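Listed here are the chains, written in short residue letters.
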Amino acid sequence: MTLSKLILIDNTYSSPRRLFQGIRVNNLGNIQKSLEFAKNMTFGDENSAFHRKSRSGGIAVRNQNQLFENTFQGKLSEFILHEYFKFHKFNSTEPDLETFGKGVWDSGDLKVQNKNVNVKSIKHFSSLLLLESKDWSQEGLYIPNNQQYEFFFVVRVNLPFREFNNYQNLEAKDFKNKIFFDIPGYITNEMLRLAIKNNHIIKQGYYLNSTKTKIDADNFYIHLNDFLPLKNFLID
């Protein structure tokens, strides 16, 4: 098994593009659940709902709107993947809508056929899975909640946040026919451990493809072109 290594010229990494094959999100119920979760986690009491404002090892501090966008996209991506598993007759847990206070971590994203699945949501134009290096051990263990994930899925999402000003008043109907996604595939924990072993790290302060995208924290990376196809998931 081999993983693609990014080309570094001066202080800029070059990553090949991956075509976005957008599918419209039609389930308004899942959009509404994700909205309510994001509102609670972003605008609620910090003792009952908390999201860290900076990444592990990162410098940039996310404002409330950025936290809301990230939280909404992440939870919606869990619902999207859950719907995919249901459609293909896999036994999958529901996305967790419980909120946690500062210093408390949830136990994981989804459990599919009794396997721990980590769901990563990225922008529709992104081509890399990035995992903050300070959060992962050499054995592929997620340090904050001491969790071993057997599979990692990426969901890319195109959201129309530029159209909105007041996030606290958003409802599912505001997003009707405006959200698109694709699922490029998945990786195994073995592939993550290989990326860690091979020191596939994109460094803090460097740039990705152009000076418009500055890397905030050290991240392990795996290119989407190295992902396994969805059809291979859990084939014996």
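Fair warning: this is a prediction, and the values are worked out from it, not measured in the lab.

(A) Main features of the sheet that holds strand β14 (residues 219-223). Spatially, 3 strands are ordered β6-β14-β11 in an open sheet, and the strand pairing comes out antiparallel. The sheet is open, and its two borders are formed by β6 (128-132) and β11 (201-202), each paired with just one other strand. Where β6 meets β14, 5 bridges bridge the pair, whose relative direction is antiparallel. By the bridge assignment, Leu129 is partnered in β14 with Ile222. Contacts between helix α3 (residues 189-197) and the sheet are confined to β6 and β14, with β14 contributing the most and set at about 120° to the helix.

(B) The arrangement of the confidence of the model for the protein chain in detail. Overall, the predicted model of the protein chain reaches an average pLDDT of 89, with 88% of residues at or above 70. Long-range and interchain partners of residues 103-107, a stretch whose pLDDT sits below 50, account for 9 contacts in this model, where long-range means more than four residues apart.

(C) Inspection of the packing of aromatic side chains at higher detail. Applying the stated criterion across every chain yields a total of 25 aromatic pairs. Between the aromatic rings of Phe68 and Phe72, the centroid separation amounts to 6.3 Å while the plane-to-plane angle is 5°, which identifies the pairing as stacked. One end of the pair is Phe68 and the other is Phe72, both in helix α2 (residues 64-87) and 4 residues apart, which spans about a single turn. Summarising the burial analysis for this pair, Phe68 and Phe72 share the class buried. Taking 6.2 Å as the distance between ring centres and 55° as the angle between the ring planes, the aromatic pair formed by Tyr142 and Tyr149 counts as tilted. Taken as a pair, Tyr142 and Tyr149 share a single burial class, namely buried. Taken together, the aromatic side chains of Phe43, Phe68, Phe72, Phe161, Phe164, Tyr167 and Phe175 make up a single cluster linked through ring pairs. Stacked on the ring of Phe37, the Lys or Arg Lys75 has its end atom at 4.5 Å from the ring centre.

How each quantity is defined
- Residues numbered from 1 in each chain as written.
- Predicted model: local features only at pLDDT ≥ 70, side-chain atom pairs only at ≥ 80, totals over all residues.
- Heavy atoms only, no water.
- Pairing = 2+ DSSP bridges.
- Helix = DSSP H or I, 4+ residues; strand = E, 2+ residues; numbered from the N terminus.
- Contact = heavy atoms within 4.5 Å.
- Axes fitted to C-alpha atoms, helices over the stretch in contact; angles between N-to-C directions.
- pLDDT = per-residue confidence, 0-100.
- Phe/Tyr/Trp six-rings, centres within 6.5 Å; stacked < 30°, edge-to-face > 60°.
- Buried < 20%, exposed > 50% of the residue type's maximum accessible area, 1.4 Å probe, protein only.
- Lys NZ or Arg CZ within 6 Å of the ring centre and 35° of its normal.

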